[in-house]
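# Commentary on secondary and tertiary structure
Residue-level listing of the chains:
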Amino acid sequence: MLFNSYTFWIFFLAVFLLYRLLGHRWQNRLLLVASYVFYGAWDWRFLSLIWISTCIDYLVGLKLGNHSTSGAGVGRKAWLALSVCANLGLLGFFKYYGFFAEEMVGLLTWLGFSASLPSLQIILPVGISFYTFQTMSYTIDVYRRQIEPTRDLEAFALYVAFFPQLVAGPIERSTHLMPQVLKPRRLKPGDFTEGLYLVAIGMFKKVVIADNMAEIVNAVFQSPVSELSGLDCLVGVYAFAFQIYGDFSGYSAIARGVAKWLGFDIMVNFNLPYFAQSPREFWHRWHISLSTWLRDYLYIPLGGSRNGTVTTYRNLMLTMLLGGLWHGAGWTFICWGLFHGVLLCADRAFGLTPSTADRRSGPWWCSILNVAITFHLVCLGWLLFRAESIGQAWSMLYLICTNHQMTVFAQFGLAMVAFYTLPLLAYELWLLLSNDRNKLLKVAWPVRAAVYSYVALMLVFFHPVVKHEFIYFQF
């Protein structure tokens, strides 16, 4: 069920109306059943994977809670290792087996050996990367004694499978979401209004921005490079930058809004990322749930920045390499992760992230220049991310640098990118300057009415002919 489909909203309305009539325990049971129905609508066979991860980590959590010392019984580290290996084993098999099997056969053939591995037609389960990291955070947090293990299997199962953020995040932490599952929930004043705002802005980003940009992106990246000019390629990259932002941040906003109507507070996953003034700041604003997960459960355990410059750079590169691999089994994703690792190392080496004092005292044009440079560095990464192969990415980059012919397609594409994205950027600039993401909810009603009217009219008159799935369903 897509958030931008009538089926989902009929489903949610039925769940919401029944939810409001039940007590806390039956609310959890209803949400658990609804979550399994929601996920089963994609492919019911993969419900078994969620259930396996749920049972393993529930039992591991209990075992970790029962051991007061590392030497008791099997040992806390061994139980944690069981959770990590089981979860990453499932993720690795379904997501990476085909890629690594193909690359291994290619390597052995290149070395002169005759080799073959079974070729399995494995379907990637929707959302497996998200719920795997979410359930792993529970066992790691229990191991670190940051949260007490729960004995309520229904509540833990709901934590793993909570449908608003099940298939594309945000990746919630056990310390944040689990207490909300265990305790009775009450709608606070303003929750409905904020939820409506989040759903409206999320639908606008997905349907109006992302899906319209998808038409331009597909036209560029599915064409032979020989038929493109450098400006055609550049338009495709710009369009993809806003497609993936509108698509993913739109999903996260709708997930937060739907959860808000159910009494849950889901973490903010995007914070005006295209106004970042450095690569480091970009990752503080983009896919925050993943970047903080990688920081807390990978970068810091590796040693973070505690053991010297060389070790710090190694940890940054490893973290971003694995972050790229998390997105998909392919060399383009690996190179994308390494590219951002290099950017973060350069940011640290040359002090590219401006301090608060520098931002306040420096000339305004410095901030604009920093934003423009960071945005184009990110776009260079998006070229790697979206390209079908490293060869296509390199060929398109070469054209961008050498061929500046203005074609009819480039003119039309730039006009469409500007038409759809400039109003959003102007609105987000207003939010940035006001330092308040919910500023629209606090202004006079005529202003709110004007914004909501614009959103509604764009949804009605400028929705694309073809609906597109959310990009991150693939990851």
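Heads up: the structure comes first, above all this text.
None of these values were measured; they are calculated from a predicted model. (Residues numbered from 1 in each chain as written. Predicted model: local features only at pLDDT ≥ 70, side-chain atom pairs only at ≥ 80, totals over all residues. Heavy atoms only, no water.)

## A few points about the pattern of salt bridges
Tallying each qualifying case throughout the model produces 16 salt bridges. A salt bridge links Asp-191 to Lys-188; the shortest N-O distance between them is 3.6 Å. Residue classification places Asp-191 among the buried positions, given a relative accessible area of 4%. Here Glu-428 makes a salt bridge to Lys-205, at a shortest N to O gap of 3.6 Å. Here Lys-205 lies in helix α8 (residues 191-221) and Glu-428 lies in helix α17 (residues 408-434), a separation of 223 residues in the sequence. Both residues of the pair, Glu-428 and Lys-205, belong to the buried class. Counted as one network, the salt bridges with shared partners bring together Arg-25, Arg-29, Asp-152 and Glu-154. (Salt bridge = Lys/Arg side-chain N within 4 Å of Asp/Glu carboxyl O. Buried < 20%, exposed > 50% of the residue type's maximum accessible area, 1.4 Å probe, protein only. Helix = DSSP H or I, 4+ residues; strand = E, 2+ residues; numbered from the N terminus.)

## Comments concerning α17
One full turn of an α-helix is made of 3.6 residues, so residues set three or four places apart face in the same direction. Its 27 residues place the ends of α17 39 Å apart at the C-alpha level, agreeing with the 39 Å of an ideal helix rising 1.5 Å per residue. The axis of α17 is deflected most strongly, by about 40°, at Thr-421, and proline Pro-423 appears within four residues downstream. Where α17 terminates, the next one or two residues include Asn-435, which has phi positive at roughly 55°. (Expected span 1.5 Å × (residues − 1). Bend = angle between axes of the 7 residues up to and from the residue.)

## A short note on unusual backbone geometry
Of the consecutive residues Gly-169 and Pro-170, the connecting peptide bond is found in the cis state with omega at 5°. For Pro-170, the position within the fold is in the loop between α6 (153-161) and α7 (174-182). For Leu-272, which is not glycine, the phi torsion reads 50° and is therefore positive. Overall, Leu-272 belongs to the buried group, its relative accessible area being 8%. In this structure, His-287 is a non-glycine residue whose phi angle is positive, near 45°.

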